[in-house]
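Spelled out, the chains give:
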Amino acid sequence: MFIVLLRFSGNKGQASQFMAGHKEWINRGFDDGVFLLVGNLQPNLGGGIVAHNTSLSDLQSRVNEDPFVAENIVSAEILEIAPSRADERLGLLLA
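First, a word on what this report is: a plain description of the structure on this page. Since we're looking at a predicted model, the values are computed, not measured. (Residues numbered from 1 in each chain as written. Predicted model: local features only at pLDDT ≥ 70, side-chain atom pairs only at ≥ 80, totals over all residues. Heavy atoms only, no water.)

Turning to its location among the elements, H22 is positioned in helix α1 (residues 15-31). What makes H22 buried here is its relative accessible area of 10%. (Helix = DSSP H or I, 4+ residues; strand = E, 2+ residues; numbered from the N terminus. Buried < 20%, exposed > 50% of the residue type's maximum accessible area, 1.4 Å probe, protein only.)

The subject of this paragraph is the pattern of salt bridges. As enumerated under the stated definition, the model contains 3 salt bridges in all. Here R7 and E77 are joined by a salt bridge, their closest N and O atoms 3.0 Å apart. One end of the pair, R7, is in strand β1 (residues 2-8); the other, E77, is in strand β4 (residues 74-80), and 70 residues separate them in sequence. The exposure class of R7 is partly exposed, given its relative accessible area of 40%. (Salt bridge = Lys/Arg side-chain N within 4 Å of Asp/Glu carboxyl O.)

To continue, consider the sheet that holds β1. Overall, antiparallel pairing links the 4 strands, which are arranged β2-β3-β1-β4 in an open sheet. If you trace the sheet from one side to the other, it starts and ends with β2 (35-41) and β4, each paired once. When the angles between neighbouring strand axes are averaged without regard to direction, this sheet yields 15°. Pairing of β1 with strand β3 (residues 46-51), which is carried by 6 bridges, proceeds in the antiparallel orientation. In the strand pairing of β3, L5 is matched with G48. Together, β1, β2 and β3 form the strand contacts of α1, whose direction differs from that of β2 by roughly 150°. Strand contacts of helix α2 (residues 56-64): β1, β2, β3 and β4, with the helix running at about 165° to β4, the strand carrying the most contacts. (Pairing = 2+ DSSP bridges. Axes fitted to C-alpha atoms, helices over the stretch in contact; angles between N-to-C directions. Contact = heavy atoms within 4.5 Å.)

A word on the side chain of R62. As for its position among the elements, R62 is in helix α2. Apart from the residues within four sequence positions on either side, R62 is in contact with W25, R28, G29, D32, V34 and F35.

This paragraph deals with the packing of aromatic side chains. On inspection of all chains with the given rule, the structure shows 2 aromatic pairs. Here W25 and F35 contribute two aromatic rings whose centre-to-centre distance is 5.2 Å and whose plane-to-plane angle is 65°, an arrangement assigned as edge-to-face. Here the residue W25 occupies a position in helix α1, and F35 occupies one in strand β2, the gap between them amounting to 10 residues. Grouping residues by exposure puts W25 and F35 together as buried. Between F30 and F35, the ring centres sit 6.1 Å apart and the planes meet at 90°, which makes this aromatic pair edge-to-face. Take F30: its relative accessible area is 36%, and that puts it in the partly exposed class. Owing to a relative accessible area of 4%, F35 belongs among the buried residues under this scheme. Ring pairs connect the aromatic residues W25, F30 and F35, which therefore count as one cluster. The ring centre of F35 lies 5.9 Å from the NZ or CZ of R62, which sits over that ring. (Phe/Tyr/Trp six-rings, centres within 6.5 Å; stacked < 30°, edge-to-face > 60°. Lys NZ or Arg CZ within 6 Å of the ring centre and 35° of its normal.)

Here you go:
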């Protein structure tokens, strides 16, 4: 399982130009069964993604395809987590 942090860079002001492509990229992540959760980092720092069902190298390639990453709107950091315990409501994360 992975946490992807997308933190705004100095080009944050250009985000609106690439928002449609960024949203399409997010939708592909859900459609492909890789993204479990997407949301904003508060306060207005960027975004975060919980991803699974992928390898680190495949996720890195996927993240590099995000228009926000390609256009340096955000910088990406990928953290890998090896879950060992979860609340029963999140049991799918242990699979």
